[in-house]
Amino acid sequence: MKPGIHPAYRPVVFRDKAADFAFLTRSTTTSDKTVEWEDGKTYPVIDVEISSQSHPFYTGTARVLDTAGRVERFERRYGRRGAQ
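Residues numbered from 1 in each chain as written. Predicted model: local features only at pLDDT ≥ 70, side-chain atom pairs only at ≥ 80, totals over all residues. Heavy atoms only, no water.

## Things to note about the side chain of Asp16
Put simply, the rule reads: The helix count covers DSSP runs of H or I at least four residues long, the strand count covers runs of E at least two residues long, and both are numbered beginning at the N terminus. Note on classification: 1.4 Å probe, protein chains only; a residue is buried when its accessible area is under 20% of the maximum for its type, exposed when over 50%, partly exposed between these limits. Only four residue types enter the charge count: Lys and Arg as positive, Asp and Glu as negative, with His and the chain ends excluded. Only one rule defines a salt bridge in this text: a Lys or Arg side-chain nitrogen within 4 Å of an Asp or Glu carboxyl oxygen. We call two residues in contact when some of their heavy atoms are within 4.5 Å.
Mapped onto the elements of the fold, Asp16 is located in strand S1 (residues 10-16). Buried charge without a partner: Asp16 forms no salt bridge, and the closest opposite charge is Arg15, 8.7 Å away. Apart from residues lying up to four places away in sequence, Asp16 is in contact with Phe21, Val48, Glu49, Ile50, Ser51 and Ser54.

## Focus on the sheet that holds strand S4 (residues 42-48)
To be explicit about the condition: Paired strands, in this sense, are two strands between which DSSP finds at least two bridges. Axis lines are fitted to C-alpha atoms, over the contacting stretch for helices. Their N-to-C directions set the angle, which ranges from 0 to 180 degrees.
Ordered by their spatial adjacency, four strands build an open sheet running S2-S1-S4-S3, and the pairing between neighbours is mixed. Each edge of the open sheet carries a strand with a single partner, namely strand S2 (21-27) and strand S3 (34-36). Between one strand and the next, the sheet's axes are offset by a mean angle of 45 degrees, whatever the strand orientation. Sheet topology places S1 next to S4; four bridges connect them, and they run parallel. By the bridge assignment, Phe14 is partnered in S4 with Ile46.

## Describing the pairing of S1
Alignment of S1 against S2, held across seven bridges, turns out to be antiparallel. Paired with Val13 across the two strands is Leu24, which belongs to S2. Linkage of S1 to S2, two consecutive antiparallel strands, is achieved through a turn of four residues, within which Asp20 is found at a positive phi near 50 degrees.

## Some points on the confidence of the model for the chain
For clarity, the threshold we go by: Here pLDDT means the predictor's own confidence in every residue, given as a number from 0 to 100.
The share of residues in the chain with pLDDT of 70 or more is 79%, and the mean pLDDT across the chain is 82. Within the chain, the lowest mean pLDDT, 61, falls on helix H1 (residues 56-59), and the highest, 95, falls on S3.

## Some words on the side chain of Ser27
Note the following rule: Counted as a polar contact is a pair of N or O atoms within 3.5 Å, where, for protein atoms, one must be capable of donating a hydrogen and the other of accepting one, and residues adjacent in sequence contribute only when both atoms are in side chains.
Its place among the elements puts Ser27 in strand S2. Polar contacts involving the side chain of Ser27 include one to the main-chain amide nitrogen of Thr29, which spans 3.1 Å. Those residues in contact with Ser27 that sit more than four places away from it in its chain are Ala8, Tyr9, Arg10, Val12 and Phe14.

## Details of a positive patch on the surface
How we decide: Patches in this entry comprise residues that are over 30% relatively accessible and not in a salt bridge; like charges within 9 Å are linked, as are nonpolar side chains (Val, Leu, Ile, Met, Phe, Trp, Tyr) within 5 Å. The accessible surface values rely on the Shrake-Rupley method and a 1.4 Å probe; as for residues, cover is taken only from the protein chains in view. The location of each charge is read from NZ of Lys, CZ of Arg, CG of Asp or CD of Glu.
Together, Arg70, Arg73, Arg76 and Arg77 give the surface a local cluster of positive charge. Looking at the element boundaries, Arg73 is found in helix H2 (residues 67-78).

## What about the packing of aromatic side chains?
Convention followed: Centres within 6.5 Å are what make two rings of Phe, Tyr or Trp a pair, Trp counting through its six-membered ring; a difference in plane orientation under 30 degrees is then read as stacked, over 60 as edge-to-face, and the rest as tilted.
Tallied over the entire structure, the rule returns three aromatic pairs. Look at Phe14 and Phe23: their rings are 5.8 Å apart centre to centre, the planes differ by 20 degrees, and that puts the pair in the stacked class. Accessibility expressed as a relative area gives 33% for Phe23, which makes it partly exposed. Ring centres of Phe21 and Phe23 lie 5.8 Å apart, and the angle between their planes is 40 degrees; on these two criteria the pair is classed as tilted. The exposure class of Phe21 is partly exposed, given its relative accessible area of 25%. Aromatic rings pair up to connect Phe14, Phe21 and Phe23 into one cluster.

Below, the structure is given as structure tokens:
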């Protein structure tokens, strides 16, 4: 790697306020806000809208859409192209 052209790679806390969940990882992102972590050290914090603790796919609350029914309803209403 070329020296001096890459951003600093350091520990950062990502916090999902909706799920009251936070995790410490390494990143190049920056933030003016800080938080004191469990180890007593202060780290920059990035607030995120969604994480694995609040995403429906990971929490098991995902809904399965009836796409086949929607397609059939569309075809009944508007007909099928090229089916002449």
